[in-house]
Amino acid sequence: MREAFAALGLTLPACLPGEPEDCGHGDARDHYASYLGALQGHVESLIEASFAGDSDALDEVYRARARHRAIMDDVLG
Ligand SMILES: [Zn+2]
């Protein structure tokens, strides 16, 4: 998860339980759920901005995303 954020130039705080900046707000699962929501929203805004005005390219991005979701559905059972 941290690597995914880092790849986008973002740094997650080390605030999970037991980490140096432990924020005390929820367990690791709660943190991952919020990180995932934030990551999805951020990436979607980047995609929308990158392909603004090019609906064919945007369609291709969404088709690729659908294919990857299907792959992940298989991985996750
Ligand atoms: Zn935290």
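Refer to the structure above for everything that follows.
### Some details on the overall build of the chain
1) Next: Across its full length, the chain carries three helices and zero strands.
2) Next: Ordered by position from the N terminus, the helices and strands of the chain form the series α-α-α.
3) Next: Relative to its length of 77 residues, the chain is extended, with a C-alpha radius of gyration of 16 Å against a globular reference of 11 Å.
4) Next: Dimensions along the principal axes, computed over C-alpha positions, put the chain at roughly 45 × 30 × 15 Å.

### With respect to helix α2 (residues 28–50)
1) Next: Here α2 contains 23 residues, and its C-alpha end-to-end distance of 32 Å stays within 8% of the 33 Å for a straight helix at 1.5 Å per residue.
2) Next: α2 sits mainly on the outside: zero of its 23 residues count as buried.

### Things to note about helix α3 (residues 55–76)
1) Next: With 22 residues, α3 extends 31 Å between its outermost C-alpha atoms, agreeing within 8% with the 32 Å of an ideal straight helix rising 1.5 Å per residue.
2) Next: By the criterion of burial, α3 is predominantly exposed, with just zero of the 22 residues buried.

### Quick notes on the environment of arginine 63
1) Next: Position of arginine 63 relative to the elements: it lies in helix α3.
2) Next: Along the chain, arginine 63 and leucine 16 lie 47 residues apart, while their C-alpha atoms are 34 Å from each other.

### Let's talk about the environment of tyrosine 32
1) Next: Checked against the element boundaries, tyrosine 32 lands in helix α2.
2) Next: Judged by the 13 C-beta atoms lying within 10 Å of it, tyrosine 32 is partly exposed.
3) Next: Here the alpha-carbon distance between tyrosine 32 and methionine 1, two residues 31 residues apart in the chain, equals 7.9 Å.

### A few points about the environment of leucine 58
1) Next: Relative to the assigned elements, leucine 58 resides in helix α3.
2) Next: Of the residues examined, leucine 58 has 15 C-beta atoms within 10 Å and is grouped as partly exposed.
3) Next: Taking the C-alpha atoms as reference, leucine 58 lies 19 Å from leucine 39; in sequence the two are 19 residues apart.

Basis of the calculations
Residues numbered from 1 in each chain as written. Predicted model: local features only at pLDDT ≥ 70, side-chain atom pairs only at ≥ 80, totals over all residues. Helix = DSSP H or I, 4+ residues; strand = E, 2+ residues; numbered from the N terminus. Rg over C-alpha atoms; globule rule 2.2 N^0.38 Å. Expected span 1.5 Å × (residues − 1). Buried ≥ 20, exposed ≤ 12 C-beta atoms within 10 Å, placed from the backbone.

Shape is all these values report; function is a separate question.
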